[in-house]
Amino acid sequence: MLDVARLDEVLRRGGGEVAALVERMREVDQRRRTLQQSLDQLRAERNAANQRMAALDKKSPEFAAARDTLRDLSQRIKAGESELGDLEAEAERVLMLIP
């Protein structure tokens, strides 16, 4: 498989259709990297919320609020991971088309 860091080299060797594929790959890779950073941040927030929640009394209203926050973070992470999988699959498809 082609390394994303070597796309400039491929671009010099390829023609017009290769340029379009290389540009598409760069777009997908940039979106993937941005999403990965966002997911890492959400996971850190989830871990911090989980630690805060562990220190609370289970019958307190703060615990319920923390549980709801944790549930929301988990849903956002799950949706982001699904999108990340789609982006990774798209990146692989584009890379397979680049000669």
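## Comments concerning helix H3 (residues 61–97)
Part 1 of the argument: Compared with the 54 Å implied by 1.5 Å per residue over 37 residues, the 55 Å span of H3 between its first and last C-alpha is a close match.
Part 2 of the argument: Taken together, the buried positions of H3 are Phe63, Ala66, Leu70, Leu73, Ile77, Gly80, Leu84, Leu87, Glu90, Ala91, Val94 and Leu95.
Part 3 of the argument: Looking at the buried side of H3, the elements it contacts are helix H2 (16–54).

## Regarding the side chain of Ser60
Part 1 of the argument: Inspection of the secondary structure assignment puts Ser60 in the loop between H2 and H3.
Part 2 of the argument: In this structure the side chain of Ser60 is engaged in a polar contact, spanning 2.8 Å, whose partner is the backbone oxygen of Asp57.

## Regarding H2
Part 1 of the argument: In a regular helix each residue adds 1.5 Å, so 39 residues correspond to 57 Å; H2 covers 57 Å between its end C-alpha atoms and thus fits that length.
Part 2 of the argument: Here H2 has its buried residues at Val18, Val22, Met25, Val28, Asp29, Leu35, Leu39, Leu42, Ala49 and Met53.
Part 3 of the argument: Buried positions along H2 lie against helix H1 (7–13) and H3.

## Considerations on the confidence of the model for the protein
Part 1 of the argument: Summarising the model, the protein shows a mean pLDDT of 89, and 98% of its residues fall at 70 or more.
Part 2 of the argument: At the level of individual helices and strands, the protein shows its lowest average pLDDT in H1, which scores 76, and its highest in H3, which scores 94.

## Remarks on the pattern of salt bridges
Part 1 of the argument: By the definition in use, this model includes nine salt bridges.
Part 2 of the argument: Asp29 is the partner of Arg32 in a salt bridge, and the nearest nitrogen-oxygen pair spans 3.1 Å. Taken as a pair, Arg32 and Asp29 lie in helix H2 at a separation of three residues, close to a single helical turn.
Part 3 of the argument: What makes Arg32 partly exposed here is its relative accessible area of 23%.
Part 4 of the argument: Ionic pairing is found between Asp68 and Arg71, a salt bridge with its closest N-O pair at 3.5 Å.

## Details of the side chain of Glu90
Part 1 of the argument: Relative to the elements of secondary structure, Glu90 occurs in helix H3.
Part 2 of the argument: Polar side-chain contacts of Glu90 include one of 3.1 Å to the side chain of Arg24.
Part 3 of the argument: Beyond its immediate stretch of four places on either side in the chain, Glu90 contacts Arg24 and Val28.

## Digging into the nonpolar core
Buried together is how nonpolar side chains tend to be arranged in soluble globular proteins.
Part 1 of the argument: Ranked by internal contacts, the top residues of the largest apolar core, which has 22 residues, are Val22, Met25 and Ile98.
Part 2 of the argument: If you list the elements that add at least two residues to this core, you get H1, H2 and H3.
Part 3 of the argument: Considering each element in turn, this core owes the most residues, 10 residues, to H3.
Part 4 of the argument: Setting aside residues up to four positions removed in sequence, Val22 forms contacts with Leu7, Val10, Leu11 and Ile98.

Rules used throughout
Residues numbered from 1 in each chain as written. Predicted model: local features only at pLDDT ≥ 70, side-chain atom pairs only at ≥ 80, totals over all residues. Heavy atoms only, no water. Helix = DSSP H or I, 4+ residues; strand = E, 2+ residues; numbered from the N terminus. Expected span 1.5 Å × (residues − 1). Buried < 20%, exposed > 50% of the residue type's maximum accessible area, 1.4 Å probe, protein only. Contact = heavy atoms within 4.5 Å. Polar contact = N/O pair within 3.5 Å; in protein donor to acceptor, adjacent residues only side chain to side chain. pLDDT = per-residue confidence, 0-100. Salt bridge = Lys/Arg side-chain N within 4 Å of Asp/Glu carboxyl O. Core = buried A, V, L, I, M, F, W, Y, C linked by side-chain atoms within 4.5 Å.

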